[in-house]
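# An overview of the molecular structure
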Amino acid sequence: MDEHEKNDKLKLGFWVYLMTDLIMFAVLFAAFAVLRGNTFGGASAKELLSLPGALANTLILLTSSFTCGLAILAVAKKDKIGTQISLGVTFVLGLTFLILELNEFSKLVADGNSWQRSAFLSSFFTLVGTHGLHITVGLLCIIISMIMIWRRGLTPSISGKLVRLSLFWHFLDVVWIFIFTIVYLMGTIK
Amino acid sequence: MSILFGKLTLAALPHEWFTIAGTIFITIMGIAVVAFLTHKKLWKWLWKEWLTSTDPKKIGIMYIIVASLMLFRGAIDAGMIWLQQSLSVGVSNGYISPNHFQQIFTAHGDIMIFFVTMGFLAGLWNLILPLQIGSRDVAFPFLNTLSLWLYIAGAIFVNLFFVLGGEFAATGWLALPPLSELQFSPGVGVDYWIWSLQISGLGTLLGGINFLVTILKMRAPGMTLMKMPMFVWTSLCSMVLVVSIFPILAATIALLTLDRFMGMHFFTTSFGGNPMMYISLIWSWGHPEVYVLILPAYGIYSEIVATFSQKRLSGYGSVVAGSIGITLLALLVWLHHFFTMGAGADVNAFFGIMTMFITVPTAALVFNWLATMYKGRIRFFTPMDWFVGFVFTFTLGGMAGVLMGIPGVDFQVHNTLYLVAHFHTMIIGGALFGIFAGITYWFPKATGFTLNERLGRYAFWCWIIGFFASFVPLYILGFMGATRRLDHYEASTGWQPLFIVAGVGLIIIACGALFQVLQIIVSIKQRKQNIDKTGDPWNGRTLEWAIPSPPPVYNFAIIPKVTERDQFWADKASKQTAKQVYEDIHMPKNTALGIYTSGFIFLFGFAMVWHIVWLAIVGLLGAISCVIIRSFDEDTEYVIPADEVAKMEAERKSFYG
């Protein structure tokens, strides 16, 4: 079977996987929507969440999606070094996003607002944390891809993998936009 | 010690009579199997030819074997439930404790849905779908073996407490909170439940993606969507449902896990949790799930009725439209599972109407099958028996369901044995009969010889008579007010005779199952008499019958060109033989990484049940490493050269004449 046909199937399969992941996120969003008022006497979203911080995170993630796009352009030009550099920048931006998010989480926990405090906080940590977990998986995949490119070059099989990785990264961007809107914007402005 | 073994202590090891009996039984069976394999020196063969295989035909057979074993376990549970309900009247408390009884019906439900029906279906999908679409393989061979091994890991999980201790969930098959929360179920039973479903559900989801892509991308040239065999169509619908709903199941169970492990409050009774949300979420998976089970059975019936009536399926277009309609409506009816929980009259009315609406496409399908039989030259082999039996049971169960779809009636019969009887009618009389029909129908394709007809017929009659004897009393008991999951009742209710009749029915069903086992043994013994040299024992219509039985590893030496709906039937009529020009065939290599990955995931799940931190880390890292190793492996295929194919085909021709 030639690589093109294989990549074609993998791409469709990956799209279907992304849709299943989206449904999983939909469940988490639904749970958040149901529970976000249930603070059980604890602090609400308005008191806990910081809009500027979330905005900064959003911009970082959007930029990383842009650099991820640059990586795919470089793949199309068979530019191995360009691909590596763009992937590297994407990785750093993704890592920054993750560190800022963990920082926010640890502050919340330190102030006694952990996931055990109320149903609202449970759903907040789960929804945002699941996105963060996906970012972690994405970062791991970026490292593996960079090793693969370094060792084997931009073979058709690896190029296919990179296209799917970028789909995944953009997908996480889309999910984050919803998190930013529903959790942070709707939670703090009211 | 607690760092090493977590919550797993000696006190948790089997100490009740049923866990000890289970341990002894499993140990004896295990020793027997190991001794047999060692004696015959079959280990290497088993590992190389079967366990690590990526051939969907072999994977399919392994699915069916495991599902059969699980059917045995589920049936024993059914027998134990019945015995308790027949004995535990008035002053007698029966032979098992209420807690044990609750574990049994929980396990019975989960096993029959997840590991029997889903297992059989996955087996048939693997065996038949690639053949019917004229393909040599599925889209992702590695995912396919991984799916199988995740399913097996899940199946082991349901039985693990027998050997390693603890208990199974005593919460009912969907583990509804707040009962399944830590506060009310502090033991490990619910955790076993969580991980067996989570792991096998992951396998199902991966399988769904795999077959969806297989059907959409790997059909033989010329096979447009409207030329696909009906089993492929209904399986496609089923896959669409799988990828739509299994993420819901995974997420819902994950939220329950977070509640139990991290002290979160999604479904707890305090801290703002909302148990109703779980019920809504789990049923928005649970109701479509029954259509995941029944739609492939519709496809099997469509194939069988057309073949044995020797006629084209009537109203193919409307059967396709009906299946798609069912697929869409299946996602809009889940709330009828909890009409009584206060959603309000408007919401109940909407879901009641939707529930009734879904019978319209279903009835259209039944009428189309009957129309196919009309004026056909019908041959009554056992697959047809199962079909006719299905029409009767399914019509009964369908009408019982419509009745319950009326919210007002549902308030009366909710959570009674009437409901139990209804869904058993649908799943046994609908899905399971279809699976039996399909296995009988395709058995010669998979093995090269047909099943004994006489014993098959005995099995069928036992099943259908036993079925009605067993479940009609439950309808009546339901109307009399007997609730489900009842481990004790007063003698004054007068229910005992009906329970005993149901038990007699169960014994008749058991005879049917015994005949099926006998049928397989006798058929294997008489395989020389029943050999199928043509590859087409039933005068079939679709592509799987165009190739020899059992099919060669590459299925089709030459990929067929499709111009008609029943391509093989058309080929037989035109008697054209295509020119035989062979080409190199690329096939996937076997891989053990599927087993290893699933093994590590199994360890992870086990560690989570018993809170063994180090083992959880080992399991997680191991599974991730396996996937990374696989992603680096680009040498996953081997080539069968064209001359080799020509030689193999010539050998087959000379053997079969």
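Everything below is about the structure shown above.
Structure report, in brief. These numbers come from a predicted model, not from an experiment. (Residues numbered from 1 in each chain as written. Chains lettered and ligands numbered in written order. Predicted model: local features only at pLDDT ≥ 70, side-chain atom pairs only at ≥ 80, totals over all residues. Heavy atoms only, no water.)

Next up on the list: helix α20 (residues 613-632) of chain B. Here α20 of chain B contains 20 residues, and its C-alpha end-to-end distance of 29 Å stays within 8% of the 28 Å for a straight helix at 1.5 Å per residue. If you check which residues of α20 of chain B are buried, you get L615, A616, G619, G622, A623, C626, R630 and F632 of chain B. (Helix = DSSP H or I, 4+ residues; strand = E, 2+ residues; numbered from the N terminus. Expected span 1.5 Å × (residues − 1). Buried < 20%, exposed > 50% of the residue type's maximum accessible area, 1.4 Å probe, protein only.)

The next point concerns the side chain of D77 of chain B. By the element assignment, D77 of chain B lies in helix α4 (residues 56-87). If sequence neighbours within four positions are ignored, D77 of chain B has contacts with I104, A107, H108 and I111 of chain B. (Contact = heavy atoms within 4.5 Å.)

Scanning the model with the defined rule gives 12 salt bridges over all chains in all. The closest approach of N and O atoms between K217 of chain B and D8 of chain A, which form a salt bridge, is 3.1 Å. A residue pair is termed interchain when its members come from two chains, as with K217 of chain B in helix α7 (residues 189-217) and D8 of chain A in helix α1 (residues 3-35). Judged by relative accessible area, D8 of chain A falls into the partly exposed class, the value being 35%. Salt bridges here are not isolated pairs; linked through shared partners, they connect D385, E453 and R457 of chain B. (Salt bridge = Lys/Arg side-chain N within 4 Å of Asp/Glu carboxyl O.)

With that settled, the discussion passes to the interface of chain B and chain A. Contacts between chain B and chain A engage 37 residues on the former and 36 residues on the latter. When chain B packs against chain A, close to 3000 Å² is buried across both sides, 72% of that on carbon and sulfur atoms. Between E634 of chain B and R152 of chain A there is a salt bridge, with the nearest N and O atoms lying 3.3 Å from each other. Applying the counting criterion to the chain B and chain A interface returns 11 residue pairs in polar contact (both at pLDDT 80 or more). Going through the elements one at a time, α7, α8 (230-262), α9 (275-309) and α20 of chain B are the ones with two or more residues in the side of chain B that touches chain A. Here the element with the most residues in the side of chain B that touches chain A is α8 of chain B; it accounts for nine residues. Grouping the amino acids of the side of chain B that touches chain A by side-chain chemistry returns 23 nonpolar, 11 polar and three charged. (Buried area = accessible area lost by both parts, 1.4 Å probe. Polar contact = N/O pair within 3.5 Å; in protein donor to acceptor, adjacent residues only side chain to side chain. Nonpolar A, V, L, I, M, F, W, Y, C, P; charged D, E, K, R; others polar.)

To continue, consider the packing of α9 of chain B against helix α13 (residues 382-404) of chain B. Residue and element names in this part refer to chain B. Across the interface, α9 lies against α13 with an axial gap of 10 Å and an inter-helix angle of 130°. One element, α9, and the other, α13, form an angle in the oblique class. The hand of the α9/α13 crossing is left-handed. Contact residues: I294, Y298, Y301, I304, V305, F308 and S309 in α9; P383, M384, W386, F387, F390 and F394 in α13. Partitioned by chemical class, the residues of the contact of α9 with α13 number 12 nonpolar, one polar and no charged. (Axes fitted to C-alpha atoms, helices over the stretch in contact; angles between N-to-C directions. Parallel < 35°, antiparallel > 145°, perpendicular 65-115°, else oblique. Left-handed = near helix turned anticlockwise from the far one by under 90°.)

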